[in-house]
Amino acid sequence: MAPLTSFPLLLSVSLSLLTTTTLAQQVYISTDGPSPRPSCTSNCSSIARPKYHFTEFSFTQTETYRTATSRPSPTTTVTYAEPYEKLSGLVPGLSTTTWGSWNPNATAQATDTANPYGNAAWTSLWVAANITNFTGTGLYTTTVSPTPLPTSELVLPPADYFGPTDCYTFPEDFIFGVAGSAAQIEGAVFEAGKAPSLMEVLAGEGDNRSNDHVTNENYYLYKQDIERLASIGVTYYSFSIAWTRILPFALPGTPVNEEAIQHYSDLIDFVLEKGMIPTVTMFHFDTPLQFFGEGNSPRNDAAIGYVNGGYQNETFEDAFVNYGKILLTHYSDRVPVWFTFNEPLLYCDNGVSVDHVIKAHARLYHFYHESVNGTGKLGIKFNDNFGVPKNPQNESDVDAANHFNAFQLATFANPIFLGIDYPEAYKITIPDFVPLTAEDLAYIGNTSDFLGIDPYTATVVSPPPGGIAACAANSSSAYYPYCVVQETSNIFGWPIGYRSQSYVYITPKYLRTYLSYLYNTFHSPVLISEFGFPVFGEANKAVEDQLFDSPRSQYYLSFMSEVLKSIWEDGVNVMGALAWSFADNWEFGDYGAQFGVQYVNRTSQERRFKKSIFDLVDFVAARTVGR
């Protein structure tokens, strides 16, 4: 760990690496003639003089079909820490209880008003949340037993004509799987003791957006969802836990929801039973409403992110650490990979928010490795649509790309991965940033076993009018706080890739550059914790057309091909890749942007595999030794 006095030198080295990596972006070089054909080894330039001839015609075309290979049943049990019974002393004084369900139209009232954490107090949390768009419950009220999938559902669809031709294989410890998050898939929002979170007020009164009240009903259908994923051959299942299920009253010293503890324990056990491996995100945007109040509304504009996530509340850091300790002591024996925060920048309001995130994460890292003695891995996952210079030969564009990436990533990654101070991009933009002392940096540095990144796409970057410095000093600027111009076309006006329903473009070559940037800048293994593609207009298509989602297959296979090149040609340690999402789900007020590799019928909750999940699983299996 470098002392604070060494920071200017380290920053200089870091910035040098940033500049070098960004300059490695593609440079526009003019050339003439048709595209080369490197795979053509003979007769490439000979005069075309074919010999035509007749043959007897018959319908002799054949088509090979295959079925997916399901996950094998486990033959051994692997543990990564002691069970909760032996770790419970690390979280002394926990009390547990259960609560019921809430319905604003119910006539019966709880009578335990003297209990500060009873059903009456729990009900008052929902009343205070002012849920005006209540849509009731879904189809299920209890966990549904899984049923095996018929072979007919596991037949691979016809392959696209063009596909990857590489000969690389994935490392034997490569993490491959699919992901989802609690608020986006669970439903059962008002049931089983869950308390309100930021997600329930995200689509409030006056909005025309969809809510998270029912979504995919994964809370009750999780066994069938896992059964389906295991049947098609997925290895890792990544999910998040809802803080407001585990601790409805959020704060240290308040009761733990025993029903929630058991639910997620059962979920983890079923993942393992089906031959899969769980990874857990502690927190995926769903802040308990206790961290909001007068002068701090969820609808307040955030100075840094898109939403005020409440992280700046003075009680947030300690409360999050308490919540994380409960998860780690209960589940670390069976979960090998942990994420503390999901994309924290997007819900940070100000400098205090960033300070609380970084310190809470570091405290849980030390707790996991030094108190729990966990042998798995614990890290954090970031957003950042990789900023690439509009013209790599233009110094101002390169500076803008460096600024853009540093603001989004190095703000957290400098202290956590390198043990050095915040980047200048952050400090010149956010005036209320909390300074980090030498002692802070020594404690926070090297507190992540991997760098989780959600590299959905790339962004073409150039300086804003008037320059970066002027923008950073003016919070009213239209370009604040990133203080760059963001575009999705190159200097010739062409889009940077095939467009999706949302902000995502298919940009696989930029992904490879991005992985090199991350690994060589922050010196940590990289885990692609989310990546996915919502096909344009998919929700408006007939179901059969939604299932044949070739653009999504192209996205995944091209990205994974570049991951392999990054590993074998660039020497980058890419730990794994988790596809988002394992099924179409609630996208924070929207069901139209469908990221899923499975279709979900919103009326019946029926799931159907799309072509892309077959293609992706098969791509990895074909490149995994011993499969």
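Our subject is the structure listed above.
Residues numbered from 1 in each chain as written. Predicted model: local features only at pLDDT ≥ 70, side-chain atom pairs only at ≥ 80, totals over all residues. Heavy atoms only, no water.

**Q** Hey, could you go over the nonpolar core for me, with residue numbers and the actual values?
**A** For soluble globular proteins, the rule of thumb is that nonpolar side chains tend to be buried together. Among the nonpolar cores identified, the biggest contains 176 residues, and Tyr237 and Ile246 are the most heavily contacted of them. The element best represented in this core is helix α11 (residues 395–418), accounting for ten residues. Here Tyr237 is in contact with Val178, Ile185, Asn218, Ile226, Leu229, Leu267, Val271, Met276, Ile277, Pro278, Thr279 and Phe582, once residues within four sequence places are set aside. (Core = buried A, V, L, I, M, F, W, Y, C linked by side-chain atoms within 4.5 Å. Buried < 20%, exposed > 50% of the residue type's maximum accessible area, 1.4 Å probe, protein only. Helix = DSSP H or I, 4+ residues; strand = E, 2+ residues; numbered from the N terminus. Contact = heavy atoms within 4.5 Å.)

**Q** Explain unusual backbone geometry residue by residue, including any values.
**A** Here the residue pair Tyr480 and Pro481 is connected by a cis peptide bond, since its omega of 5° sits within 30 degrees of zero. With respect to the helices, strands and loops of the structure, Pro481 is situated in the loop between α14 (468–472) and β11 (485–487). Cis rather than trans, the peptide bond between Trp580 and Ser581 has omega equal to 0°. The residue Ser581 is located in the loop between β13 (574–580) and β14 (598–600) in this model. Unlike most non-glycine residues, Cys483 shows phi in positive territory, near 60°. Examined against the element boundaries, Cys483 turns out to sit in the loop between α14 and β11. You will see that His523, though not glycine, has its phi angle at about 55°, which is positive. Mapped onto the elements, His523 comes out in the loop between α15 (508–522) and β12 (526–528).

**Q** Give a description of helix α18 (residues 611–622) that names residues and reports values.
**A** Taking 1.5 Å of rise per residue, twelve residues should cover 16 Å, and α18 covers 16 Å from first to last C-alpha, within 8% of that figure. Of all twelve residues that make up α18, ten are buried, and the element is covered over most of its length. Listed as buried for α18 are Lys611, Ser612, Ile613, Phe614, Asp615, Leu616, Val617, Phe619, Val620 and Ala621. Buried residues in α18 make contact with β2 (175–179), α6 (218–232), α16 (543–547), α17 (550–568), β13 and β15 (607–609). (Expected span 1.5 Å × (residues − 1).)

**Q** Residue-level account of the pairing of strand β9 (residues 451–454), with values.
**A** Burial along β9 is two-sided: the residues Leu451 and Ile453 and Gly452 and Asp454 are all buried. As judged from the four bridges shared by strand β7 (residues 377–383) and β9, these two strands associate in the parallel manner. Bridge pairing in β9 links Phe382 to Ile453. The pairing of β9 with β12 spans three bridges and is parallel. Bridging from a neighbouring strand, Leu451 pairs with Val526 of β12. (Pairing = 2+ DSSP bridges.)

**Q** Would you mind going over the sheet that holds β7 in detail, with residue names and values included?
**A** Reading around the barrel, the eight strands line up as β2-β3-β5-β6-β7-β9-β12-β13 and close back on themselves, with parallel pairing between neighbours. Strand-to-strand twist of the sheet, defined as the mean angle between neighbouring strand axes without regard to direction, takes the value 30°. As paired elements, strand β5 (residues 277–283) and strand β6 (residues 337–342) share four bridges and run parallel to each other. Directly across from Val280, in β6, lies its bridge partner Trp338. (Axes fitted to C-alpha atoms, helices over the stretch in contact; angles between N-to-C directions.)

**Q** Just give me the short version of the sheet that holds strand β8 (residues 386–389), but keep the residues and values in it.
**A** Strand pairing in a sheet is mediated by backbone hydrogen bonds. Such pairs are either parallel or antiparallel. Taken in spatial order, the three strands of this open sheet run β8-β10-β11, and their pairing is mixed. Edge positions in the sheet fall to β8 and β11, since each of these pairs with one other strand and no more. Averaged over all pairs of adjacent strands, the angle between strand axes in this sheet comes to 40°, irrespective of strand direction. Alignment of strand β10 (residues 458–462) against β11, held across three bridges, turns out to be antiparallel. Opposite Val460, over in β11, you have Glu487 as the bridge partner. Of the strands in this sheet, β8, β10 and β11 touch α11, which is tilted by about 170° from β8. Docked against the sheet, α15 engages β8 and β10, running at close to 105° with respect to β8.

**Q** Go over the state of the cysteines, please, and point to the residues and values.
**A** Going through the model one piece at a time under the given rule, you end up with one disulfide. Each sulfur in the disulfide pair Cys471 and Cys483 lies 2.2 Å from the other. Taking the sign of the S-S torsion, -80° for the link of Cys471 and Cys483, the bridge is left-handed. Of this pair, Cys471 sits in helix α14 while Cys483 sits in the loop between α14 and β11, placing them twelve residues apart in sequence. (Disulfide = S-S within 2.5 Å.)

**Q** Requested: an account of the packing of aromatic side chains, with residues and values cited.
**A** One pass over the full model with this rule turns up 57 aromatic pairs. Judged by centre distance (5.3 Å) and plane angle (80°), the ring pair of Phe339 and Phe450 falls under edge-to-face. Taken as a pair, Phe339 in strand β6 and Phe450 in the loop between α13 (438–444) and β9 lie far apart in primary sequence, 111 residues in all. Like Phe450, Phe339 is buried. Ring centres 5.1 Å apart and planes at 90° place the aromatic pair Phe531 and Tyr556 in the edge-to-face group. Taken together, the residues Phe531 in the loop between β12 and α16 and Tyr556 in helix α17 connect sequence positions 25 residues apart. Residue classification places Phe531 among the buried residues on the basis of a relative accessible area of 2%. (Phe/Tyr/Trp six-rings, centres within 6.5 Å; stacked < 30°, edge-to-face > 60°.)

**Q** I'd like to hear about the pattern of salt bridges, residue by residue, with values.
**A** Applying the stated rule across the entire model yields 27 salt bridges. Lys611 is the partner of Asp160 in a salt bridge, and the nearest nitrogen-oxygen pair spans 3.7 Å. Highlighted residues: Asp160 in the loop between α3 (119–129) and β2 and Lys611 in helix α18, separated in sequence by 451 residues. Notably, a salt bridge pairs Asp615 with Lys611, separated by 3.0 Å at the nearest N-O pair. With a gap of four residues between them, Asp615 and Lys611 both fall in helix α18, about one helical turn apart. Each member of the pair, Asp615 together with Lys611, is buried. Among the ionic contacts, a cluster of salt bridges with common partners joins Glu538, Asp549, Arg552, Asp584 and Lys610. (Salt bridge = Lys/Arg side-chain N within 4 Å of Asp/Glu carboxyl O.)

**Q** So what about helix α8 (residues 258–273)? Which residues, and what values?
**A** Relative to the 22 Å expected for 16 residues at 1.5 Å per residue, α8 spans 22 Å between its end C-alpha atoms, a close match to the ideal helical length. Contact partners of the buried residues in α8: α6, β3 (236–240), α7 (243–246), β4 (256–257), β5 and α9 (316–331). Two to three positions downstream of the cap, the backbone nitrogen of Glu259 sits 3.1 Å from a side-chain oxygen, assigning the N-cap of α8 to Asn257. (Polar contact = N/O pair within 3.5 Å; in protein donor to acceptor, adjacent residues only side chain to side chain.)

**Q** Can you explain a nonpolar patch on the surface? Please cite residues and give values.
**A** A surface patch of nonpolar side chains, about 380 Å² in accessible area, is lined by Ile491, Phe492 and Trp494. Within the secondary structure, Trp494 is located in the loop between β11 and α15. For Trp494, a relative accessible area of 62% corresponds to the exposed category. (Patch = residues over 30% accessible without salt bridge, like charges linked within 9 Å, V, L, I, M, F, W, Y side chains within 5 Å. Areas by Shrake-Rupley, 256 points an atom, 1.4 Å probe, with all protein chains shown as cover.)

**Q** Any chance you could break down the packing of helix α10 (residues 351–371) against α11 for me, citing the residues and the numbers?
**A** Contact pair α10 / α11: the axes reach a minimum separation of 11 Å and the direction vectors enclose 35°. Helix-helix and strand crossings are classified by hand; for α10 and α11 the assignment is right-handed. Contacts between α10 and α11 involve Val354, Val357, Ile358 and His361 on the former and, on the latter, Thr411, Phe412, Pro415 and Ile416. When grouped by side-chain class, the residues that make up the contact of α10 with α11 number six nonpolar, two polar and no charged. (Left-handed = near helix turned anticlockwise from the far one by under 90°. Nonpolar A, V, L, I, M, F, W, Y, C, P; charged D, E, K, R; others polar.)

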